[in-house]
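# Inside the fold
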Amino acid sequence: MRSSEASSVRVRSDRGAQPRYLAVGMTDLPDHDDWLSEPEAERLSRFTYPKRRSEARLGRWTAKHAVAASLRVGPQPAALREIEIRNAADGAPEVFLESAPAPFQISMTDRADWAVCTVIGGDRPIGCDLELVEPRSPAFVADYFTPGERALVADAPHDHDLLANMIWSAKESALKVLRTGLRLDTRSVEVQPAGDQTQHEWSGLYVTTNDGLTFTGWWRRFGDFVLTYVSATSTEPPSSLVDPSPLHVATPSHAWTEAPRRMP
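Predicted, not measured: the structure shown is a model, and the values here were computed from it.

Basis of the calculations
Residues numbered from 1 in each chain as written. Predicted model: local features only at pLDDT ≥ 70, side-chain atom pairs only at ≥ 80, totals over all residues. Heavy atoms only, no water. Core = buried A, V, L, I, M, F, W, Y, C linked by side-chain atoms within 4.5 Å. Buried < 20%, exposed > 50% of the residue type's maximum accessible area, 1.4 Å probe, protein only. Helix = DSSP H or I, 4+ residues; strand = E, 2+ residues; numbered from the N terminus. Contact = heavy atoms within 4.5 Å. Pairing = 2+ DSSP bridges. Axes fitted to C-alpha atoms, helices over the stretch in contact; angles between N-to-C directions. pLDDT = per-residue confidence, 0-100. Parallel < 35°, antiparallel > 145°, perpendicular 65-115°, else oblique. Left-handed = near helix turned anticlockwise from the far one by under 90°. Salt bridge = Lys/Arg side-chain N within 4 Å of Asp/Glu carboxyl O.

## A look at the nonpolar core
Within the largest apolar cluster, 30 residues are counted, with the highest numbers of intra-cluster contacts made by V67, V95, F104 and I106. Among the elements of the structure, β1 (20-25), α3 (50-71), α4 (77-81), β2 (83-87), β3 (93-97), β5 (104-111) and β6 (114-121) are those that each provide at least two residues to this core. The greatest single-element share of this core, amounting to eight residues, is contributed by α3. Those residues in contact with V95, other than ones at most four positions away along the chain, are V67, I83, E84, I85, A100, P101, A102, F104 and I106. Of all hydrophobic cores here, the second largest spans 23 residues; its members include A174, L175, V189 and F215.

Structure below.
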């Protein structure tokens, strides 16, 4: 992706208004790091705990492939090395192509050996989050949800776990839009479903902040997972860069537990 090839890549960049996402499982990762840039490889080498390194490696592999697909570039290691995923001062991921900022935004998330990266053209802030549909205790809901959100969960006893995890996931997505992450109180944003709700198609949602901002978003269940997407501006629901999305048949796992802690 150097010289004239790099210029043609930027011309073909997808600057469309529709967000796109890519989901990748841990079993799709190669056993080598030839696809990492030197700074990325050096950063990952400093991780002591297998879980953190495993998640970071999967996240970057997924993000690089999502970017390559958006640029319509083949996912060869040499091309992937030219796509660098950096962290801004606030921790948000940023894409650089040959050390220059890319003309789009991404959001990254991972859970249970699966990662998702969402891509959209332009400079609009976005956030996505992947969660398991798992039990959430009354204490969890009381500690992290607003009164309105607690009422929503209480009014849906048969869908308690799905709704609780959707709300939590949408909160994380919204906090990524705000570029604060969980440094901000989760009760400073409130999630409300919008319109007709279905479990296995995209359904709408709204997120309001204590500062009076309103974000729009989408959520969808994929088997054991729930995926949310939130944007500062209204968009269509995300479409998968791979059809069908692997999330339809995704199985949660925790491969990092098989690796011992690497001593510093």
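Having put the structure on the table, let's press on.
## Quick notes on the pairing of β3
Burial of β3 is extensive: four of the five residues sit out of reach of the surface. With five bridges joining them, β2 and β3 adopt antiparallel strand pairing. The residue bridging E84 from the neighbouring strand is F96, located in β3. Between the antiparallel neighbours β2 and β3 lie five residues, among them G91 with a positive phi of about 95 degrees. The pairing of β3 with strand β4 (residues 100-101) spans two bridges and is classified as antiparallel. If you follow F96 over to β4, its bridge partner there is P101. Linking two consecutive strands that pair antiparallel, namely β3 and β4, is a turn of two residues; a positive phi of about 50 degrees is found at E98 within it.

## Things to note about the sheet that holds strand β8 (residues 189-194)
Spatial strand order, β7-β11-β10-β9-β8: five strands in an open sheet with antiparallel pairing. Strands at the two margins of the open sheet, each flanked by one partner only, are β7 (126-132) and β8. Looking at each pair of strands side by side, their axes are set apart by 25 degrees on average, direction ignored. Direction of pairing for β8 relative to strand β9 (residues 203-209): antiparallel, over a ladder of six bridges. Looking at the pairing, A194 lines up with G204 of β9. Each of β7, β8, β9, β10 (214-222) and β11 (225-231) touches helix α7 (residues 160-177); the most contacted strand, β7, lies at about 150 degrees to it.

## A look at the confidence of the model for the protein chain
Considering every residue of the protein chain, the mean pLDDT works out to 89; 91% of them sit at 70 or more. Here helix α1 (residues 3-11) stands out as the element of the protein chain with the lowest mean pLDDT, 30, in contrast to β1, whose mean of 98 is the highest. Confidence drops under pLDDT 50 across residues 1-16; counting only partners more than four residues distant or on other chains, this segment forms 30 contacts.

## Some words on the packing of helix α2 (residues 38-45) against α3
Contact geometry of α2 with α3 gives a least axis separation of 10 Å together with a crossing angle of 160 degrees. With respect to each other, α2 and α3 are oriented roughly antiparallel. As α2 runs across α3, the sense of the crossing is right-handed. Packed against α2, whose contacting residues are E40, R43 and L44, the element α3 presents R53, A56, R57, R60 and K64 at the interface.

## Focus on the pattern of salt bridges
Counted by the stated rule, this structure contains 15 salt bridges. R111 is the salt-bridge partner of E134, the closest N and O atoms lying 2.7 Å from each other. In this pair, E134 sits in the loop between β7 and α5 (138-144) while R111 sits in strand β5, placing the two residues 23 residues apart along the sequence. You can call R111 partly exposed: its relative accessible area is 21%. With a shortest N-O distance of 3.6 Å, R136 and E134 are connected by a salt bridge. Look at R136 and you get buried, because its relative accessible area is 15%. Residue E134 is classed as partly exposed on the basis of its relative accessible area of 21%. What emerges from the salt-bridge pattern is a single network uniting R111, E131, E134 and R136.

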